Amino acid sequence: LSLPRMYHERVVDHYDNPRNVGTFDKNDPTIGTGLVGAPACGDVMKLQIKVDDGTGKIVDACFKTFGCGSAIASSSVATEWVKGKQMEEVLTIKNTEIAKHLSLPPVKLHCSMLAEDAIKAAVKDYQAKQTKKTGSTEASP
Ligand code: FES
Ligand code: FES
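Residues numbered from 1 in each chain as written. Chains lettered and ligands numbered in written order. Predicted model: local features only at pLDDT ≥ 70, side-chain atom pairs only at ≥ 80, totals over all residues.

The protein chain carries the name Iron-sulfur cluster assembly protein in an unreviewed UniProt entry, which gives Pyrus ussuriensis x Pyrus communis as its organism. What UniProt states about the protein chain under its Pathway (unreviewed entry) heading is, verbatim, "Cofactor biosynthesis; iron-sulfur cluster biosynthesis." Word for word, the UniProt comment on the protein chain under Cofactor (unreviewed entry) is "[2Fe-2S] cluster". (UniProt positions renumbered as here; feature names shortened; annotations may be inferred.)

In structure tokens:
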């Protein structure tokens, strides 16, 4: 098997064995869905979180990405990193951290940006659902 040398083994690993590929029911009130696209290349990433209502903790996450290997690897890493964390905590995840973890080359930075944007969008979607449900923001403790 010959792999393009520009890719770090972690990218290849996450590309070959992506973690948490799947879909949650987006109408479920405990689910937050982030759907983002990269205008530069047209790639699309969907990342979903399942949140425990009581604690605000992300108990599960999944993704579906139509994009390059770096985008798939970035979303796979993102789902691993958000699981078990508080929503406020995952908002601080930076695409540069994901890119560093995967040793992405500069031209692939926007791929990891998709993952950061998708996390933020998923949290926002969840919070919007809570606001709708109760008429107030329940997201902060
Ligand atoms: Fe999977 Fe680090 S190799 S998150
Ligand atoms: Fe566009 Fe990777 S090339 S997300």
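Enquirer: Honestly, helix α2 (residues 69-82) in this entry has me stumped. Any pointers?
Expert: Given 3.6 residues to a turn, an α-helix orients residues that are three or four positions apart in the same direction. Its 14 residues place the ends of α2 20 Å apart at the C-alpha level, agreeing with the 20 Å of an ideal helix rising 1.5 Å per residue. For α2, the tally of buried residues reaches 11 of 14 residues, placing the bulk of the element in the interior. Within the sequence span of α2, burial applies to Ser70, Ala71, Ile72, Ala73, Ser74, Ser75, Ser76, Val77, Ala78, Thr79 and Val82. Following α2 by one or two positions, glycine 84 adopts a phi angle in the positive range, close to 85°. (Helix = DSSP H or I, 4+ residues; strand = E, 2+ residues; numbered from the N terminus. Expected span 1.5 Å × (residues − 1). Buried ≥ 20, exposed ≤ 12 C-beta atoms within 10 Å, placed from the backbone.)

Enquirer: Which parts of the structure should I look at to understand the sheet that holds strand β3 (residues 58-66)?
Expert: Sheets are built from strands that pair by backbone hydrogen bonding, the pairs being arranged parallel or antiparallel. Pairing within the open sheet is antiparallel, and its three strands lie in the order β1-β2-β3. Lying at the two open borders of the sheet, with one neighbouring strand each, are β1 (31-37) and β3. Adjacent strand axes in the sheet meet at a mean angle of 15° when their direction is disregarded. Direction of pairing for strand β2 (residues 44-51) relative to β3: antiparallel, over a ladder of eight bridges. Counterpart to valine 51 in the pairing with β3 is isoleucine 58. Its contacts with the sheet place α2 against β2 and β3, and it is angled at close to 175° to β3. (Pairing = 2+ DSSP bridges. Axes fitted to C-alpha atoms, helices over the stretch in contact; angles between N-to-C directions. Contact = placed C-beta atoms within 7 Å.)

Enquirer: Please explain the environment of lysine 108 as it appears in this structure.
Expert: Summarising the element assignment, lysine 108 is placed in the loop between α4 (95-101) and α5 (109-134). Residue class for lysine 108 comes out buried when judged on the 21 C-beta atoms lying within 10 Å of it. Along the chain, lysine 108 and lysine 46 lie 62 residues apart, while their C-alpha atoms are 18 Å from each other.

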